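An overview of the molecular structure
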Amino acid sequence: MSQQGESDDQLFVWPWVGIVANIPTRVQGGRRVGESGSKLRNELTRRGYEPVRANPLWNYHGHSGFAIVEFNRSWDGFKNAITFEKDFEFNHCGREDYFNLTHAYRGDRLFGWVARAQDYHSKGIVGENLRKNGDLKSVSGKEAEDKRKDLTLVSSLSSTLQMKDNRLKEMEIKYSETTSCLNKQVEEKDAIVLAYNEEIQKMQKVTRAQFAEISSEHQKARSCLEAQRVELEKREKELQQREFQNDIDNEKNKLEHEKKMNEMAILEQKKADESMLKLAEEQQTEKEKLRKKILDLEKKLDAKQALELEIERMKGALQVMKHMEGEDDENVHGKEKMDHLLQKLKDKEEELDMLESVNQALTVKERINNDVLQEARKEVLTGLREDRRANISIKRMGQLDSTPFHAAVKKKFPYQDTGLKSAELCSLWDEYLRDPSWHPFKVITDEAGNSKEIINEDDKKLKCLMNELGGEVCNAVIKALREINEYNPSGRYIVSEMWNYKANRKASLKEGVEYLLMQWKNQSRKRAFS
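Computed from a predicted model, the values in this text were never measured in an experiment. (Residues numbered from 1 in each chain as written. Predicted model: local features only at pLDDT ≥ 70, side-chain atom pairs only at ≥ 80, totals over all residues. Heavy atoms only, no water.)

**Digging into the overall build of the chain**
Cut-off, in case you're wondering: Runs of H or I in DSSP of at least four residues are treated as helices and runs of E of at least two as strands, each being numbered from the N terminus. Per-residue accessibility, obtained with a 1.4 Å probe over protein chains only, is compared with the maximum for each type, and a residue is labelled buried under 20%, exposed over 50%, and partly exposed between these values. Here, two residues are considered to be in contact whenever any of their heavy atoms come within 4.5 Å of each other. All accessible-area figures derive from a Shrake-Rupley calculation using a 1.4 Å probe, and residue coverage is judged against the displayed protein chains alone.
A tally of helices and strands in the chain yields 15 helices and 13 strands. Split into buried and exposed, the 530 residues of the chain put 28% on the buried side. Pairs at least 24 apart in sequence give 65% of the contacts found in the chain among residues at least 6 apart. Taken as a whole, the chain presents about 36300 Å² of accessible surface, with 52% of it coming from carbon and sulfur.

Given below as structure tokens:
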């Protein structure tokens, strides 16, 4: 049998250990003492054996002169142990050398070898320590044991991997089904929203057309009545000039009758105007009510969002319980808990459907009322003109005031054509205002956590304008910028707005209607006395 075969069949002490014998000792305090285990381990490490630790063996006499050297449990540790033994044998300091020599011939040399069966079964402190801390194994037996452990580990890992893979496939199938269901619901919801929007647009279009038709007929009737009034006044003057004619009394009676009819028509027109004013007031009242409803709707929306989160949490808990249902079919308490959770989830979903219905109804009503108010406001705007001396008039939001430019140019360029120069500068800055790429604003957050946009005072163009033309011109540009950012930040063109110049604010619909009626009455009085 080869040497390798002999080594495979030999029984070694495992974990792999070596024995160091004939360690020098001395008597101290009535007991034998020797070098520490760490010093011996360092010496063996220096020789390249890579021991884990060295443990000197002590008995009641003190240091026994033996030490157990532990090597790594791996096959590299076994290789280091065999190298350790071969080196000692090469120097004639192996196990056979130690036991064949007497104490006198051993001298101070260290003897070492790998612990085997004969050492394991030996009497004395060495054998006791080996039996206490190790077992006997052959190299082939250790290899077979490692192979069995590896196969068991691979089999366990394969089984775990297969189970995880099956669970992953199940989760992927559930995820695919859930995603498909959600996509279908989203598509259905988008289709419903699209149909709803188209229906709302049709209703708005019909309402605008009806309102435009009524306004047109109202204007035609007013124009016709005004023309009749002018014609009657003209005929009255003609009758006064023909008083000498015999039939003047009949004509006057006829004229008086027609004037009365005209006054009645004007009175009816006045009632119609008052009705229109009352309608505007009612719309304003309705708008205030709607604002209150919107606040209530926002509270309900918060409740709805909280309810949706609760429903999602309950659905997640239900999925977990369904997933665990197969593993615990006999758990009656778990089934009752799942049934209770299902009923609670159903109640929450019904409550959510009710909130969504209320939300949709309020949203539709708010849109309709807002469209009516906007159309009425546009009609009032058509009857106003731009006049800053009037209390209620049209203001062009975002229009740059040229007056500060003229004053600044006159002061800085006294010898140039100030009119032309100021017009050029005003036109240049008006182009800057219309340029969407110029956005001299920055966003800040107040103490309440609300975000808002303010003018960026560090903007290069504004700083340059301040240095060249002064603060009044810069303030005029900033004012126009703020109006554009408020009324038309995307298009950046001028927007007409109904303005109360006396209070320096946006005029309400009621104020606009009242002002138009007052103007109409003043014109009627002037014509009556002319």
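Still to come is the rest of the account.
**What about the confidence of the model for the chain?**
Definition in use: As a per-residue measure, pLDDT reflects the predictor's confidence and takes values from 0 up to 100.
On average, residues of the chain score 77 in pLDDT, and 77% of them are at 70 or above. Looking at the elements of the chain, mean pLDDT is at its lowest for helix H1 (residues 3-9), recorded as 50, and at its highest for strand S7 (residues 111-114), recorded as 94. Every residue in residues 1-6 is under pLDDT 50, and counting partners more than four places away or in other chains gives 3 contacts.

**What about unusual backbone geometry?**
Residue Pro15 is reached from Trp14 by a cis peptide bond, and omega for that bond is 5°. Here Pro15 lies in the loop between strand S1 (11-14) and strand S2 (17-21). In this model, Glu50 sits at a positive phi of 55°, which is unusual for a non-glycine residue. When you line up the elements, Glu50 lands in the loop between helix H2 (37-46) and strand S5 (53-59). Take Glu50: its relative accessible area is 49%, and that puts it in the partly exposed class. Of note in this structure, His92 is not a glycine but carries a positive phi near 60°. In this fold, His92 is placed in the loop between helix H3 (75-90) and helix H4 (95-100). Look at His92 and you get exposed, because its relative accessible area is 54%.

**Regarding the side chain of Ser138**
This is how the line gets drawn: N or O atoms closer than or at 3.5 Å make up a polar contact, with two conditions inside protein: a donor-capable atom paired with an acceptor-capable one, and, for residues adjacent in sequence, both atoms drawn from side chains.
Summarising the element assignment, Ser138 is placed in strand S8 (residues 135-138). Of the polar contacts made by the side chain of Ser138, one reaches the side chain of Ser140; its length is 3.4 Å.

**Observations concerning the sheet that holds strand S13 (residues 505-506)**
As a reminder of what qualifies: Two strands pair under a simple rule: DSSP has to find at least two bridges between them. Orientation is described by lines fitted to C-alpha atoms, with helices fitted over the stretch in contact, and by angles between N-to-C directions that extend from 0 to 180 degrees.
As summarised here, the arrangement of the 3 strands in space is S9-S12-S13, forming an open sheet in which the pairing is antiparallel. Lying at the two open borders of the sheet, with one neighbouring strand each, are strand S9 (392-397) and S13. Bridge analysis of strand S12 (residues 495-500) against S13 gives 2 bridges, and the strand direction is antiparallel. Counterpart to Trp499 in the pairing with S13 is Lys506. Sheet strands in contact with helix H14 (residues 471-487) are S9, S12 and S13, and its direction is about 95° off that of S9.

**With respect to the pattern of salt bridges**
Which entries qualify depends on this criterion: By salt bridge we mean one thing: a side-chain nitrogen of Lys or Arg within 4 Å of a carboxyl oxygen of Asp or Glu.
If you walk through the whole model with that rule in mind, you get 9 salt bridges. Glu70 is the partner of Arg53 in a salt bridge, and the nearest nitrogen-oxygen pair spans 2.5 Å. Highlighted residues: Arg53 in strand S5 and Glu70 in strand S6 (residues 62-70), separated in sequence by 17 residues. For Arg53, a relative accessible area of 39% gives the class partly exposed. For Asp119, the salt bridge is made with Arg95, and the minimal N-O distance between the two is 2.8 Å. Placement of the pair is Asp119 in helix H6 (residues 117-120) and Arg95 in helix H4, with a sequence separation of 24 residues. Through salt bridges with shared partners, a single network forms among Glu43, Arg46 and Arg47.

**Section: the environment of Val495**
Mapping Val495 onto the fold places it in strand S12. On the accessibility criterion, Val495 (22% relative accessible area) is partly exposed. In sequence terms Val495 and Gln399 are 96 residues apart; their C-alpha atoms lie 8.6 Å from each other. The contact partners of Val495, leaving out residues within four places of it in the chain, are Lys395, Arg396, Met397, Tyr487 and Asn488.

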